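Architecture at a glance
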Amino acid sequence: LFAWGIKPRISAMILGAAYIGGAYFFVRAAAGARWHWVKVGFLPVTTFATLMGIATILHWDRFNHGAVSFFAWVGLYFTTPFIVFLLWLRNRATDPGPLSHDRRVPHLVRLVIGTVGALTLLTSIVLFLQPGFMISTWPWQLTPLTARAMGALFALTGVGELGIALQSQMIGIAAIGLA
């Protein structure tokens with residue numbers, strides 16, 4: 001029933017874990033969270049959706065073109081990058097900034113998270129641009145499409161960490177660990 005056949009199961013589970021984190025993020029954002037609490041999540045989502053759209057184009061022949069899920073996939077990944085990025089742009093001007101009772105992340109913690117984010121983003125770039133190399137070194141079987149999907153997922157996490165990761169990123173990472 002998926003837009004394309006994903007094997008082995010661990011790849012599908014990891015993508016599903018990312019979707020759980022994303023669902024939490026968008027529910028929280030829609031439920032009226034302050035903009036400065038959720039703004040850091042919009043650029044990682046834009047990056048992820050953009051890479052998934054590019055991967056879709058690059059591997060068009062691997063998709064189940066007759067399935068409803070394929071049309072949902074294409075609709076999602078060909079529109080989300082634009083919609084989410086425009087929401088981020090529009091809402092930046094409405095942000096009053098942190099309030100006095102907001103917690104601040106200590107500098108050392110930000111540095112560590114940023115370093116991990118940079119390494120994660122580097123992994124993402126290699127997965128996406130050199131899937132053949134990563135297929136030969138990855139701990140489970142990947143295809144060029146699943147390598148690029150994993151690259152998009154790593155970009156989501158890396159960009160999120162670079163932007164000082166949100167709760168939704170941490171939930172997504174925890175779900176990936178369970179997968």
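Residues numbered from 1 in each chain as written. Predicted model: local features only at pLDDT ≥ 70, side-chain atom pairs only at ≥ 80, totals over all residues. Heavy atoms only, no water.

**So, the confidence of the model for the protein**
Rule in force here: Looking at any residue, its pLDDT shows the predictor's confidence there, from 0 to 100. Helical segments are the DSSP runs of H or I of at least four residues, strand segments are the runs of E of at least two, and each set is numbered from the N terminus.
For the protein, per-residue confidence averages 86 on the pLDDT scale, and 87% of positions sit at 70 or higher. Within the protein, the lowest mean pLDDT, 60, falls on helix H8 (residues 167-178), and the highest, 95, falls on helix H3 (residues 42-58).

**With respect to unusual backbone geometry**
Of note, the bond from Lys-7 into Pro-8 is cis; its omega dihedral lies within 30 degrees of zero at -5°. Note on placement: Pro-8 falls in the segment before helix H1 (9-30).

**Observations regarding the nonpolar core**
We apply this condition: The criterion is simple. A nonpolar core is a set of buried Ala, Val, Leu, Ile, Met, Phe, Trp, Tyr and Cys residues joined through side-chain atoms within 4.5 Å. Buried residues are those whose accessible area, probed at 1.4 Å on protein chains only, stays under 20% of the maximum for their type, while exposed residues exceed 50% and partly exposed ones sit between those limits. For this analysis, residues touch if any pair of their heavy atoms sits within 4.5 Å.
Core analysis: the largest hydrophobic core is formed by 37 residues, its most contacted members being Trp-4, Met-52 and Trp-73. If you list the elements that add at least two residues to this core, you get H1, helix H2 (35-38), H3, helix H4 (68-92), helix H5 (107-129) and helix H7 (144-162). Residue contributions to this core peak at eight residues, all from H7. In this structure, Met-52 is in contact with Leu-15, Tyr-19, Trp-73, Tyr-77, Ala-149 and Ala-152, ignoring residues within four places of it in sequence.

**Description of the environment of Thr-146**
Note the threshold: For the purposes of these results, a polar contact is taken to be a pair of N or O atoms within 3.5 Å, where, inside protein, one atom must be able to donate a hydrogen and its partner to accept one; residues adjacent in sequence count only when each atom of the pair is a side-chain atom.
When you line up the elements, Thr-146 lands in helix H7. What makes Thr-146 buried here is its relative accessible area of 1%. For the pair formed by Thr-146 and Phe-128, sequence separation is 18 residues and the distance between their alpha carbons is 9.6 Å. At a separation of 2.6 Å, a polar atom in the side chain of Thr-146 contacts the main-chain amide nitrogen of Thr-143.

**A few points about the packing of H1 against H3**
Our working definition: To obtain each axis, a line is fitted to C-alpha atoms, and for helices this fit is confined to the stretch in contact; angles are then taken between N-to-C directions over 0 to 180 degrees. Oblique is the label for any angle not covered by the other classes, which are roughly parallel (under 35 degrees), roughly antiparallel (over 145) and roughly perpendicular (65 to 115). The crossing is said to be left-handed when, going from far helix to near helix, the turn is anticlockwise and less than a right angle, and right-handed when the turn is clockwise. Each residue gets one of three labels, nonpolar for Ala, Val, Leu, Ile, Met, Phe, Trp, Tyr, Cys and Pro, charged for Asp, Glu, Lys and Arg, and polar for the others, Gly among them.
Where H1 contacts H3, the axes come no closer than 12 Å and their chain directions differ by 140°. The angle between H1 and H3 falls in the class oblique. The handedness of the crossing between H1 and H3 comes out as left-handed. Mapping the contact onto sequence places Leu-15, Tyr-19, Phe-25 and Phe-26 in H1 and Phe-42, Val-45, Phe-48 and Met-52 in H3. Tallied by class, the residues present in the contact of H1 with H3 amount to eight nonpolar, no polar and no charged.

**Description of the packing of aromatic side chains**
Counted only if it meets this: Two aromatic rings from Phe, Tyr or Trp, using only the six-membered ring of Trp, form a pair when their centres are within 6.5 Å; if the ring planes differ by under 30 degrees the pair is stacked, by over 60 it is edge-to-face, and anything between is tilted. Placement of a positive charge over a ring is assigned whenever Lys NZ or Arg CZ falls within 6 Å of the ring centre and within 35 degrees of the normal to the ring plane.
Under the criterion given, the structure shown has 18 aromatic pairs. Considering the side-chain rings of Phe-2 and Trp-73, the 5.5 Å spacing of their centres and the 75° angle between planes classify their relative orientation as edge-to-face. Residue Phe-2 is located in the segment before H1, and its partner Trp-73 is located in helix H4; the two are separated by 71 residues in the primary sequence. When the centroid spacing of 4.9 Å and the interplanar angle of 70° are considered together, the rings of Phe-25 and Phe-26 count as edge-to-face. Among the residues examined, Phe-25 registers a relative accessible area of 3% and is labelled buried. When its relative accessible area of 34% is taken as the criterion, Phe-26 is described as partly exposed. By the ring-pair criterion, three or more aromatic residues cluster together here, those being Phe-2, Trp-4, Tyr-19, Phe-48, Trp-60, Phe-63, Phe-70, Phe-71, Trp-73 and Tyr-77. The aromatic ring of Trp-88 is capped on one face by Arg-92, whose charged end is 4.7 Å from the ring centroid. Here Arg-148 stacks its cationic end above the ring of Phe-128, 5.7 Å away from the centre of that ring.

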